[in-house]
Amino acid sequence: MLWRKIARHILALTLTVLLGGLLSAFLVRLAPGFTVDEAQLDPRLNSASVRALRESRLADRNILSFYFHSLNRALHGDLGTSISLGEPVTTLLRQRIPQTLRLVSIGVLLSWAAALALALSAAWLRVSAYDVLNTILSGAFLCIPAAVLALLSVLWNVPGSLAIALIVFPRVYRYTRNLLAKAYFLPHIITARVKGLSELRILLWHVVPVVAPQLLAVAGVSVSIAIGAAIPVEALCGLAGIGQLAWQAALARDLPLLTNITILVTLVTLLANSGADVIGDMLRGQRA
Amino acid sequence: MRPPEKVGRMKFVKAVALSIFVASLAAFAAAQSGGELRFCLRSEPKTFDPLKVEDDASVAIRYLTGGVLVRMNRQTQVLEPELAQSWKVSKDGKQITFKLRSGISFSDGTPFSAEDVAYTVQQLMDPNLHSPTGDAFRSGPGNVETKIISPTQISITFPAPVAGLDRQFDQVAILSAHSPKKEMAVLGPFMVADYQPGSTVLLKRNPNYWKRDAQGRQLPYLDSIRLDIQPNRDVELLRFKRGEIDLINSLDSEYFDKLGAASPQLVHDAGPSLDSEQMWFDQVSKAPIASYKKTWFRSPAFRRAISQAINRDDLSRIVFRGHAQPAIGPVSSANKFWFNAKLKPQTYSPDSALKALQSEGFRLENGTLKDKDGNAVEFSLITNAGNKYRERMAAMIQDDLQKIGVRVNVVTLDFPSLIERMTQTFDYEAILLGLTNVGLDPNEQMNVWLSSSENHQWNPQEKAPETAWEAEIDQLMRAQASSADPRKRKEAFDQVQEIVVEQAPFIYLVNRNALSAVAASVHGASPVILAPQTYWNIESLSVH
């Protein structure tokens with residue numbers, strides 16, 4: 001049963017990634033300014049050079065042909081060459097992935113640490129003033145746009161991962177807090193409390209196992225949120241990661257680079273979500 | 001035999017003397033060290049190959065690492081010898097002969113000779129290269145011939161005269177014909193030591209650099225240059241304030257004032273630069289705009305009246321906080337030789353503009369200007385989104401033209417969309433943009449002025465000149481390009497400037513001042529108007 005579910009996930013993931021890449025390629029192709037290069041405005045370039053520049057941009061105008069050729073090349077390990085940076089896409093991704101991986105993983109860990117600490121303490125203490133304070137805090141961070149948090153991190157000279165953490169934190173906190181609050185009203189937990197079990201034992205033995213599968217699902221979503229936040233954070237903080245590369249590629253209408261980044265981001269997001277889903281199912285299976 | 005206590009004292013004295021000597025040596029070494037200069041590149045360098053350079057970041061790296069035969073002094077605007085001891089241009093302007101310095105090596109130790117110059121020129125003139133540097137030498141069909149006369153002498157012959165031939169070599173960094181390191185072997189003061197894509201480029205002093213100062217000390221003084229890739233100007237300013245970087249080129253006027261208010265000694269206003277801000281109307285006959293609008297835009301009287309109704313003083317004073325000068329014509333007054341001093345500044349007069357329009361059949365009805373067929377005069381003015389100065393200029397132009405009954409709709413587009421409209425679909429009415437001039441010679445703008453050119457922005461790729469004045473500009477630009485006599489070239493280009501001001505295909509608005517910031521720790525900096533403003537004399541800079 002579980003294997004069938006994993007197989008279904010792999011199939012869905014493959015199809016979504018392929019479609020996501022194709023959609024991205026279409027959107028870039030349809031974006032105004034796809035066929036032009038800023039360099040052609042250089043007054044020193046003669047007409048032949050301007051035409052050559054233009055022709056080079058038009059080489060990929062048939063998107064279906066571009067996409068299938070790209071997939072064919074990708075199967076042989078070649079992801080093409082970036083139009084705007086003139087480097088192989090494989091090299092660019094290899095150079096930038098570690099930065100984004102570091103940024104996103106630290107950001108997600110920090111956000112989870114903060115969200116769990118606050119949500120668990122609120123659930124444990126059950127003091128309404130404390131709960132309200134936490135809700136206001138998370139609500140405030142939810143209202144601040146990602147770009148503003150990124151700019152503040154630059155202004156205060158704090159790591160970009162903290163901005164990512166503050167972007168992810170309110171989403172994780174609210175969901176976790178609601179799950180815990182609901183869990184405390186389950187009959188077996190009320191019974192445990194009536195029987196005089198300690199709060200810590202109730203939390204660790206009765207509440208956490210109940211909410212763990214749902215929390216895992218949120219973990220998958222939080223990875224997607226962090227990857228999305230990495231684009232403004234890296235672009236504004238000048239961090240050389242995938243997010244900054246995606247931003248540059250979008251501005252330059254860099255079809256090969258943008259398509260590959262979309263495929264990569266879709267793949268990572270889906271893997272995180274599917275992984276969380278499968279592990280959640282396994283946990284639920286164990287409990288059953 | 002010395003008593004033991006005396007031997008002990010001697011040892012102590014020797015140890016102290018040795019410590020003082022070592023400390024002095026360390027202090028001397030520290031004094032000799034030029035330190036590390038840090039500043040920002042605003043984009044990723046697209047290439048380290050000096051022949052393919054087109055973007056600003058790569059131009060900066062080429063300037064710092066490339067060895068050139070001749071270099072234009074950015075302060076005096078005079079050409080000075082570098083790798084070439086002397087040079088001579090033939091009377092017909094087709095040939096140049098260089099006498100090279102001997103005993104020079106590339107950064108990797110490969111010796112430099114005429115063979116490297118020949119190799120560089122052949123690579124540069126490859127028709128498939130399509131680089132701005134190479135195209136500047138292409139004045140006619142045919143091949144370039146290089147003749148190595150001796151290891152230190154070479155002549156280069158072009159198929160047609162090249163205007164300002166010797167000055168063009170300021171942009172040509174010499175490559176090694178033999179080094180296995182290819183373009184990474186350099187003759188300039190620095191060499192690329194490390195590159196972290198998206199983050200930094202580290203340049204280290206070239207140990208084989210040939211220049212020495214008056215005291216015989218090898219140049220450059222600096223040990224290294226750290227170039228941080230930082231597209232965000234706010235972050236760049238913040239880092240300068242924190243002392244994380246030492247220079248800012250092309251500083252925004254708003255930041256200049258903010259920084260100047262706190263530390264006036266750190267900011268420098270070198271006066272009007274070569275760059276201009278200008279607007280123009282779409283004059284393309286096949287443009288998808290209403291035909292009555294095309295009639296307005298193709299009328300010199302209409303364009304002149306619009307020009308007259310724009311208050312350039314206010315643009316300079318308000319938008320650029322006084323750090324800009326009202327533009328007079330296609331050449332900034334900063335370009336000492338080529339600026340036509342006979343041209344008069346455009347006077348702001350909405351009344352005269354209105355009268356001129358009325359004499360062309362336009363009339364003012366209830367505050368709205370209408371043409372002779374009753375069409376209200378209204379057009380959209382496009383500029384690039386995110387450029388706050390152009391957005392403010394567009395808003396002020398909108399207000400100015402409202403005074404003569406003209407309604408302007410300001411539209412901002414991202415740059416690729418704007419270029420597409422400007423160069424391919426011609427789906428626009430008026431554009432407000434800037435022109436960045438990297439060189440002084442008008443030949444570098446040849447592809448703007450020739451009517452057949454792709455970069456003839458108001459009406460590109462004309463099969464034959466569509467107006468008499470464009471035909472005259474074509475003829476004058478070709479005449480100046482084919483002459484080796486600077487006086488004749490100046491006469492021809494002066495006429496071009498007069499025609500452009502008279503016909504107003506471009507409405508020149510302001511020349512922005514060259515603003516920069518230099519940290520107090522940088523010694524020897526003397527910012528100028530020409531790029532690279534703050535580090536043009538990089539060999540003489542040091543950081544303490």
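The rules we used
Residues numbered from 1 in each chain as written. Chains lettered and ligands numbered in written order. Predicted model: local features only at pLDDT ≥ 70, side-chain atom pairs only at ≥ 80, totals over all residues. Helix = DSSP H or I, 4+ residues; strand = E, 2+ residues; numbered from the N terminus. Buried ≥ 20, exposed ≤ 12 C-beta atoms within 10 Å, placed from the backbone. Axes fitted to C-alpha atoms, helices over the stretch in contact; angles between N-to-C directions. Parallel < 35°, antiparallel > 145°, perpendicular 65-115°, else oblique. Left-handed = near helix turned anticlockwise from the far one by under 90°. Contact = placed C-beta atoms within 7 Å. Nonpolar A, V, L, I, M, F, W, Y, C, P; charged D, E, K, R; others polar. Pairing = 2+ DSSP bridges.

A. Main features of the overall build of chain A. From N to C terminus, chain A includes 11 helices and zero strands. When the helices and strands of chain A are placed in sequence order, the string is α-α-α-α-α-α-α-α-α-α-α. Each principal axis of the C-alpha atoms in chain A carries an extent, and together these give about 85 × 50 × 25 Å. Expressed as a percentage of the 288 residues in chain A, the buried residues total 38%.

B. Here's a closer look at the packing of helix H6 (residues 146–155) of chain A against helix H7 (residues 160–183) of chain A. Residue and element names in this part refer to chain A. Running from amino to carboxyl end, H6 crosses H7 at an angle of 150 degrees, the nearest separation of the two axes being 9 Å. Our classification of the angle between H6 and H7 gives roughly antiparallel. Helix-helix and strand crossings are classified by hand; for H6 and H7 the assignment is right-handed. Each of Ala146, Leu149, Ala150 and Ser153 in H6 lies in contact with H7, whose residues at this interface are Gly160, Leu162, Ala163, Leu166 and Ile167.

C. Geometry of the interface of chain A and chain B. With 31 residues of chain A at the interface, the matching set in chain B holds 31 residues. Contributing elements (two or more residues each) for the side of chain A that touches chain B: helix H2 (47–58), helix H4 (89–125), H6 and helix H10 (242–251) of chain A. With five residues, H2(A) is the largest single contributor of residues to the side of chain A that touches chain B. By residue class, the composition of the side of chain A that touches chain B is 16 nonpolar, 10 polar and five charged.

D. How the structure looks around the sheet that holds strand E6 (residues 145–150) of chain B. All names here are of chain B. Read across the sheet, four strands follow the order E4-E5-E7-E6 without closing on themselves; strand pairing throughout is antiparallel. At either margin of the open sheet sits one strand with a lone partner, and together these are strand E4 (84–89) and E6. Pairwise comparison of adjacent strand axes, ignoring direction, gives a mean angle of 15 degrees for this sheet. When E6 meets strand E7 (residues 153–157), the two strands line up antiparallel, connected through five bridges. Considered in E7, the bridge of threonine 146 is made with isoleucine 156. Helix H3 (residues 114–124) rests against strand E5 (95–100), E6 and E7 of the sheet, and its axis sits at about 175 degrees to E6.

E. Expanded view of helix H8 (residues 187–194) of chain A. Among the eight residues that make up H8(A), zero are buried, leaving the element largely open to the surroundings. The first or second residue beyond H8(A) is Gly196(A), which carries a positive phi of 90 degrees.

F. Molecular detail of the pairing of strand E1 (residues 36–41) of chain B. Residues and elements named next belong to chain B. When you tally the buried positions in E1, you get five out of six residues, the bulk of the element. The sheet contact formed by E1 and strand E10 (residues 224–229) spans six bridges and is parallel. Pairing of cysteine 40 across the sheet is with aspartate 228, part of E10.

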